[in-house]
Amino acid sequence: MTSTIYSASPVRVMVDPSKGSLTNRAECAKEHFKNNLSTNLQLGLAGAAGGLAIAKKPKFLVKIATKIGEVASKLVGKLGAKGMAAKIMKNPTKFGKYGMIAAAALWVLNKIEKHAFKAGQIDQKYTDAAAIEQQTKNVVLDYYVK
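Keep in mind the model is a prediction, meaning the values are calculated, not measured.

## Some thoughts on the overall build of the protein
Next, step 1: Summing up its helical and strand segments, the protein has six helices and zero strands in all.
Next, step 2: Helices and strands in the protein line up, N terminus first, as α-α-α-α-α-α.
Next, step 3: Looking at the protein as a whole, 23% of its 146 residues qualify as buried.
Next, step 4: Across the protein, the fraction of contacts at a sequence separation of at least 24, relative to all contacts at a separation of at least 6, is 66%.
Next, step 5: Carbon and sulfur atoms provide 68% of the accessible area of the protein, an area that totals close to 10400 Å².

Below you can see the structure in the form of structure tokens.
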């Protein structure tokens, strides 16, 4: 499975006949390039920051994970799951790490989904513009031929 970040390639757009003229294709490719660049920068910076935090401040991350585990235990306890709360409190750091990993994974999935949605909007915009361009060209030609 290919990532949506790379499937909306500006190169693919330039050879797509449904995008109409070269000008329209170039504009579409430019929009895809900006969308790809923005998403890749966000994901790359987040990954670099996470890696740097793990490498340089592991004790700080352990403290955060422990705190997340303790807060989760209290919330679960208030919801009525006392057994689960006790299980979390036996090793709050472990559950906090899982929580941090889950939050990071959800953030990445959200970014990929937003990228795919915007890529679809870009494709639709320029496919519609190509259709209008084609209709306009036919109208002008028909008028002068008659």
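## Brief notes about the packing of helix H4 (residues 58-78) against helix H5 (residues 82-90)
Each packed pair of helices is defined by two parameters, the angle between the axes and the distance between the axes.
Next, step 1: Packing of H4 against H5 brings their axes to within 8 Å, and their N-to-C directions diverge by 170 degrees. Classed by the angle they form, the pair H4 and H5 counts as roughly antiparallel. On the side of H4, the interface is formed by Gly69, Glu70, Ala72, Ser73, Val76 and Gly77, while H5 contributes Lys82, Met84, Ala85, Ile88 and Met89.
Next, step 2: Looking at the contact of H4 with H5 residue by residue, the class counts come to six nonpolar, three polar and two charged.

## Description of a nonpolar patch on the surface
Next, step 1: On the surface, a cluster of nonpolar side chains totalling about 420 Å² of accessible area is made up of Phe33, Leu37, Leu41 and Leu45.
Next, step 2: Relative to the assigned elements, leucine 45 resides in helix H3 (residues 22-56).

## Digging into the layout of surface pockets
Next, step 1: Reported here for the largest pocket is a volume of approximately 470 Å³.
Next, step 2: For the largest pocket, the lining is made up of 16 residues, of which Gly50, Ile54, Leu61, Met100 and Ala104 are closest to its centre.
Next, step 3: Put simply, the parts of the chain that give the lining of the largest pocket at least two residues each are H3, H4 and helix H6 (92-145).
Next, step 4: Here the lining of the largest pocket takes seven residues from H6, the largest share from any one element.
Next, step 5: Of the residues assigned to the lining of the largest pocket, the class counts are 13 nonpolar, two polar and one charged.

## Points about the pattern of salt bridges
Next, step 1: Tallied over the full model, the rule gives five salt bridges.
Next, step 2: With its nearest N and O atoms 3.1 Å apart, the salt bridge here joins aspartate 16 to lysine 19. The exposure classification of aspartate 16 matches that of lysine 19, with both residues buried.
Next, step 3: A salt bridge links glutamate 31 to lysine 34; the shortest N-O distance between them is 3.4 Å. In this pair, glutamate 31 and lysine 34 both sit in helix H3, three residues apart, roughly one turn of the helix.
Next, step 4: The exposure class assigned to lysine 34 is partly exposed, which follows from its relative accessible area of 45%.

## Considerations on H3
Next, step 1: In this model H3 runs 49 Å from its N-terminal to its C-terminal C-alpha over 35 residues, within 8% of the 51 Å that 1.5 Å per residue would give.
Next, step 2: If you check which residues of H3 are buried, you get Asn24, Arg25, Cys28, Ala29, Glu31, His32, Asn35, Asn36, Thr39 and Leu43.

Reading guide: rules and limits
- Residues numbered from 1 in each chain as written.
- Predicted model: local features only at pLDDT ≥ 70, side-chain atom pairs only at ≥ 80, totals over all residues.
- Heavy atoms only, no water.
- Helix = DSSP H or I, 4+ residues; strand = E, 2+ residues; numbered from the N terminus.
- Buried < 20%, exposed > 50% of the residue type's maximum accessible area, 1.4 Å probe, protein only.
- Contact = heavy atoms within 4.5 Å.
- Areas by Shrake-Rupley, 256 points an atom, 1.4 Å probe, with all protein chains shown as cover.
- Axes fitted to C-alpha atoms, helices over the stretch in contact; angles between N-to-C directions.
- Parallel < 35°, antiparallel > 145°, perpendicular 65-115°, else oblique.
- Nonpolar A, V, L, I, M, F, W, Y, C, P; charged D, E, K, R; others polar.
- Patch = residues over 30% accessible without salt bridge, like charges linked within 9 Å, V, L, I, M, F, W, Y side chains within 5 Å.
- Salt bridge = Lys/Arg side-chain N within 4 Å of Asp/Glu carboxyl O.
- 1 Å grid on protein atoms, 1.4 Å probe; cavity = no way out; pocket = protein on both sides within 12 Å on 5 of 7 lines; lining within 4 Å.
- Points joined across faces, edges and corners; volume = space filled by probe spheres on them.
- Expected span 1.5 Å × (residues − 1).

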